[in-house]
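Descriptive analysis of the structure
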Amino acid sequence: MGRDLIDFAIASYKVIAKVVANCMKVVLDSIVSTSQSAFVPDRLIMDNIIVAGEIGHFLRRKREGLVGWAALKLDMAKAYDHMEWGFLEGMVVPTRGIRQGDPISPYHFIVCAEGLSLLLQQVEARGDIHGVRVARGAPLVTHLFFVDDRRDKSSVFHYIEQRVRDRVSAWFWWQSGGAERRGIHWMSWARLALPMCYDGMGFKNMHEFNISLLAKQGWRILIKPDSLVCKLLKARYFPHSDFLDATLGHNPSYIWRSILAAQELLIMGIGRRIGDGRDTLIWGPAWLADKEDPRLHTACVEELRVARENSQMTPEGVWDDEVLIDLFLPTDVCRINHTPISPG
């Protein structure tokens, strides 16, 4: 009976802790500054790592002028395991300890780290420290909190790497001639890289896999324009356009080169939803509601290269048939009329 009561108490605590953690998660985005990107909904750890990379690139190339710049990197070792009790009492009102693995633990640290962030903001307001701005119009950054474990992992993963290498070399389809002979590749890489649903082996092409992950970062730049990382990248590389029209620019960072490498893939798979039409170029990215062929067949009219979709609409916000018939091929007119407008 006593054991059952203990088990019930532990289970109840876990349920309550999870409920409290979910409630905290809802409000974190509104109370935690953009200097933190870990464990906050709609933010990624990679966001602030990209920001830090861009700031580092800016500082490396800024070697002239009367004012010097420096960045200080501090490691909060085991931050999620240890925290001074006096500081914790200053941020929250604890009545009980927190169990190991408690879902509330990361959020407590975020709230406490926000206290450190506010202290740094006060120091900045007094003029004791100054933030860095990587380009005109970019947000001023004085501090960032992000996960960046730069320990030497070569010794940790060497054993795993060797085991994987030994296992792959023994597979019958991949160079089974032994260590001293070139052997025979019984199956082409194209066949190995096919998904299993197409009778392939499901091996991933690492280059294509990497490009797809970079395309996800480009997608976040499009859908999260108010995030710190998007504001910084936009001010630095595409201040007068959006990501889909961005170019490499002058002296780009390695991070930006990598993200831009996925731009073409993103353009191929993206489609715009027409609202009031003010932000969509007629001959820009695909916008027709045609999954098989969302692009216009009509050749671009040079005089209208930068014209917007709203020029094809009536004041009531519907397609203007007379304008469509004058500008586009009949097949395009039909597809445009089948593309819904969502002005709201």
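What this report covers is the structure whose coordinates are included nearby. Every value quoted in this text rests on a predicted model; they were computed, and no experiment measured them. (Residues numbered from 1 in each chain as written. Predicted model: local features only at pLDDT ≥ 70, side-chain atom pairs only at ≥ 80, totals over all residues. Heavy atoms only, no water.)

1. Looking at the overall build of the protein
- In terms of helices and strands, the protein carries 12 helices and zero strands.
- In the protein, the order of α-helices and β-strands from amino to carboxyl end is α-α-α-α-α-α-α-α-α-α-α-α.
- The 344 residues of the protein split such that 30% are buried.
- For the protein, the proportion of contacts with a sequence separation of at least 24, taken over those separated by at least 6, is 56%.
- Summed over its atoms, the accessible surface of the protein is roughly 23700 Å², and 58% of this surface lies on carbon and sulfur atoms. (Helix = DSSP H or I, 4+ residues; strand = E, 2+ residues; numbered from the N terminus. Buried < 20%, exposed > 50% of the residue type's maximum accessible area, 1.4 Å probe, protein only. Contact = heavy atoms within 4.5 Å. Areas by Shrake-Rupley, 256 points an atom, 1.4 Å probe, with all protein chains shown as cover.)

2. Structural notes on helix α8 (residues 228-237)
- Across the 10 residues of α8, eight count as buried, placing the element largely inside the fold.
- Turning to α8, its buried residues are Leu228, Val229, Cys230, Leu232, Leu233, Ala235, Arg236 and Tyr237.

3. A closer look at the packing of aromatic side chains
- The final tally for this structure, using the stated rule, is six aromatic pairs.
- Ring centres of Phe238 and Phe243 lie 6.4 Å apart, and the angle between their planes is 70°; on these two criteria the pair is classed as edge-to-face. Judged on exposure class, the residue Phe238 and its partner Phe243 are both buried.
- Here Phe243 and Trp256 contribute two aromatic rings whose centre-to-centre distance is 5.9 Å and whose plane-to-plane angle is 80°, an arrangement assigned as edge-to-face. Of this pair, Phe243 sits in the loop between α8 and α9 (254-260) while Trp256 sits in helix α9; the two residues are 13 residues apart in sequence, bridging distant segments of the chain.
- Classification of Phe243 as buried rests on a relative accessible area of 2%.
- For Trp256, a relative accessible area of 0% puts it in the buried group.
- Put simply, the rings of Tyr237, Phe238, Phe243 and Trp256 pair up and form one aromatic cluster. (Phe/Tyr/Trp six-rings, centres within 6.5 Å; stacked < 30°, edge-to-face > 60°.)

4. Comments concerning helix α4 (residues 105-125)
- Given a rise of 1.5 Å per residue, 21 residues ought to cover 30 Å, and the 31 Å separating the end C-alpha atoms of α4 matches this to within 8%.
- Regarding α4, the residues found buried are Pro106, Tyr107, Phe109, Ile110, Cys112, Ala113, Glu114, Gly115 and Ser117.
- Following α4 by one or two positions, Gly127 has its phi on the positive side, about 85°. (Expected span 1.5 Å × (residues − 1).)

5. Quick notes on the packing of helix α2 (residues 45-61) against α8
- Between α2 and α8, the least distance of the axes is 8 Å, while the angle of their chain directions is 35°. α2 and α8 meet at a crossing whose hand is left-handed. Residue-level contacts link Asp47, Asn48, Ile50, Val51, Glu54, His57 and Arg61 of α2 to Leu228, Val229, Leu232, Leu233, Arg236 and Tyr237 of α8.
- When its residues are assigned to classes, the contact of α2 with α8 shows seven nonpolar, two polar and four charged. (Axes fitted to C-alpha atoms, helices over the stretch in contact; angles between N-to-C directions. Left-handed = near helix turned anticlockwise from the far one by under 90°. Nonpolar A, V, L, I, M, F, W, Y, C, P; charged D, E, K, R; others polar.)

6. Describing the side chain of Thr280
- By secondary structure assignment, the location of Thr280 is in the loop between α10 (263-269) and α11 (321-327).
- Reaching out from Thr280, the side chain makes a polar contact with the side chain of Arg272 at a distance of 3.1 Å.
- In this view, Thr280 contacts Arg272, Ile274, Trp287, Ala307, Arg308 and Glu309; residues no more than four positions away in its chain are not counted. (Polar contact = N/O pair within 3.5 Å; in protein donor to acceptor, adjacent residues only side chain to side chain.)

7. What to know about the nonpolar core
- Ranked by size, the top nonpolar core spans 27 residues in total, and within it Val51, Leu233, Phe238, Phe243 and Trp256 carry the most contacts.
- Among the elements that make up this core, the one with the highest residue count is α8 (seven residues).
- Residue contacts for Trp256: discarding those within four places in its chain leaves Glu54, Leu233, Tyr237, Phe238, Phe243, Ala246, Thr247 and Leu248.
- Ile274, Leu296, Trp319 and Phe328 belong to the second-largest nonpolar core, a separate cluster that totals 13 residues. (Core = buried A, V, L, I, M, F, W, Y, C linked by side-chain atoms within 4.5 Å.)

8. Points about the environment of Ala135
- With respect to the helices and strands, Ala135 occurs in the loop between α4 and α5 (154-170).
- The buried category is assigned to Ala135, whose relative accessible area is 18%.
- Separated by 104 residues in the primary sequence, Ala135 and Pro239 have C-alpha atoms spaced 9.7 Å apart.
- Dropping the residues within four chain positions of it, Ala135 is found in contact with Ala235 and Arg236.

9. So, the pattern of salt bridges
- Under the counting rule described, the total for this entry stands at 10 salt bridges.
- Residue Asp47 is joined to Arg220 by a salt bridge in which the shortest nitrogen-to-oxygen separation is 2.9 Å. Taken together, the residues span a long stretch of sequence, with Asp47 in helix α2 and Arg220 in helix α7 (residues 206-223) at a distance of 173 residues. Here Asp47 and Arg220 have matching classes, each one buried.
- We note a salt bridge from Asp293 to Arg335, for which the minimum N-O separation is 3.9 Å. Of this pair, Asp293 sits in the loop between α10 and α11 while Arg335 sits in helix α12 (residues 330-337); the two residues are 42 residues apart in sequence, bridging distant segments of the chain.
- For Asp293, a relative accessible area of 29% gives the class partly exposed.
- The exposure class assigned to Arg335 is buried, which follows from its relative accessible area of 14%.
- Here the salt bridges do not stand alone but share partners, grouping Asp290, Asp293, Asp332 and Arg335 into one network. (Salt bridge = Lys/Arg side-chain N within 4 Å of Asp/Glu carboxyl O.)

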